[in-house]
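Structural overview for review
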Amino acid sequence: MLINPEMPDWEVRKKDQIKTLKSMIGFMVVAVILGGGVWFWNTKNSDIKSGKETAGIECAEGQVSIDGGCEKIRPEFLDLSEVVRNWGESTGGEISAYVYDLSNERIAGAFHSEVSFEMRSIYKLFVAYEGYRRISLGVWGDDADYLVNEAGSLSRLDCLDLMIRESHSGCAEKMWDEIGREELDGIVRNEFMLFSTSVSGLTTNVADVAKMMVRFYKNEGISGDLVERMKDSFLNQPATNREGLCEGLCDWRQGLPAGFSEKVKVYDKVGWLNAETGWEVYNDAAIIETLDKKSGGMRSYAVVVMTKNMGPEVNQALGRAIEEVLNVTSGEEGVTEVEPGLEVVSGETES
């Protein structure tokens, strides 16, 4: 810095300070302008992503348009504990049930929910979920000829579909071994935090299975392109005569789904053992959906029933009891219609 010999040092310092202060003020103004621009950009992007700038948007059933965007309508919580308890006490025998309100994220009712039962094919839920998750993560590919037998060739995605839609044991057992039976037990315990389930031991309780159904409902860890495939496997399950498993056709929906009317969507996975002496095990794990007429929102529940030495009629009875209460609350016309199931005959089978 050049110093004017005629100007005292303190005046020189004062002028320098003023210059510095002006520079700082200028910098701060620019920063505020730029900062304001960044804030505005982020806010505008956020509004666009949330749909707030979309005009005339049409929302799906069970949703409402708020500020140009769609949000789910949450119906009032409905306590079903008395319904479930009355069903359990009037039925007698070794049964358990768990109903979880997915819309309000609360237990709606339970009966003997901590008692362990034999899973039968309910174990395929755990195998299928981990399979979908690994494909979503890119750990596994589809693999066109994943399972080849006398019936033909199935891809890995075909197998994931059939182990839910038709309870295909060949697919589930192959994938279970591929995951590793001890490893799957560890995943269920340490990642899914289900402490009453032993997949390798084929035992669980309705509370743990309901928590697993919540995972399916939320599609946690499953990529969007697989979700619709997965939902269809749970919903559309025509009766089949696969590998001579049943006498006549195997009705995969003769339990809990058959207890609901055609007006209720039931996404279900069944697990049974029907021996010469009759039904030894009949389990259902389901997500049900109905439109609540009063609020216009969608009522969604995870419903799990596990039984010993009981037939599918017990599971049907719980479905009827739940729908009766929902009809009184919502109005019979306020539910979503689905395709009816098929009436078929079952013989000595294991699913």
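The rules we used
Residues numbered from 1 in each chain as written. Predicted model: local features only at pLDDT ≥ 70, side-chain atom pairs only at ≥ 80, totals over all residues. Heavy atoms only, no water. pLDDT = per-residue confidence, 0-100. Contact = heavy atoms within 4.5 Å. Buried < 20%, exposed > 50% of the residue type's maximum accessible area, 1.4 Å probe, protein only. Helix = DSSP H or I, 4+ residues; strand = E, 2+ residues; numbered from the N terminus. Pairing = 2+ DSSP bridges. Phe/Tyr/Trp six-rings, centres within 6.5 Å; stacked < 30°, edge-to-face > 60°. Salt bridge = Lys/Arg side-chain N within 4 Å of Asp/Glu carboxyl O.

**A word on the confidence of the model for the protein**
Confidence in the prediction of the protein, expressed as mean pLDDT, is 82, and 76% of residues score 70 or more. This stretch, residues 1-14, has a pLDDT under 50; its non-local contacts, to residues over four places away or in other chains, come to six contacts. Here residues 27-55 is a poorly scored stretch, pLDDT under 50, and it has 11 contacts once near neighbours within four places are set aside; other chains count.

**Thoughts on the pairing of strand 3 (residues 94-101)**
Where burial is concerned, most of strand 3 is hidden: seven out of the eight residues are buried. Where strand 3 lies against strand 11 (residues 298-308), eight bridges are found, and the strand directions are antiparallel. Across the sheet, residue Ile-95 finds its bridge partner in strand 11, namely Thr-307. Bridging between strand 3 and strand 4 (residues 106-111) involves five bridges; their strand directions are antiparallel. From the neighbouring strand, Tyr-98 faces strand 4, where its bridge partner is Ala-110. In this structure, the hairpin formed by strand 3 and strand 4 is closed by a connection of four residues, where Glu-105 is found at a positive phi of approximately 55 degrees.

**What to know about the packing of aromatic side chains**
Across all of its chains, the model carries nine aromatic pairs by this definition. Ring geometry for Trp-87 versus Phe-111: centroids 6.4 Å apart, planes at 80 degrees, classification edge-to-face. Here Trp-87 is found in helix 2 (residues 81-91), whereas its partner Phe-111 is found in strand 4, with 24 residues between them in sequence. Here Trp-87 matches Phe-111 in class, with each residue buried. Their ring planes at 80 degrees and their centres at 5.8 Å tell us that Trp-272 and Trp-279 sit as a pair that is edge-to-face. Given a relative accessible area of 0%, Trp-272 falls into the buried group. Every member of this aromatic cluster is reached through a ring pair, and the members are Tyr-129, Phe-192, Phe-216 and Phe-234.

**Focus on the pattern of salt bridges**
What the rule picks out here adds up to 14 salt bridges. Between Asp-143 and Arg-156 there is a salt bridge whose closest N-O contact spans 2.4 Å. Of this pair, Asp-143 sits in the loop between helix 3 (123-137) and strand 6 (147-149) while Arg-156 sits in helix 4 (residues 156-165), and the two are 13 residues apart along the sequence. Overall, Asp-143 belongs to the partly exposed group, its relative accessible area being 38%. The buried category is assigned to Arg-156, whose relative accessible area is 3%. A salt bridge links Asp-177 to Arg-181; the nearest nitrogen and oxygen atoms lie 2.9 Å apart. Judged by its relative accessible area of 49%, Asp-177 is partly exposed.

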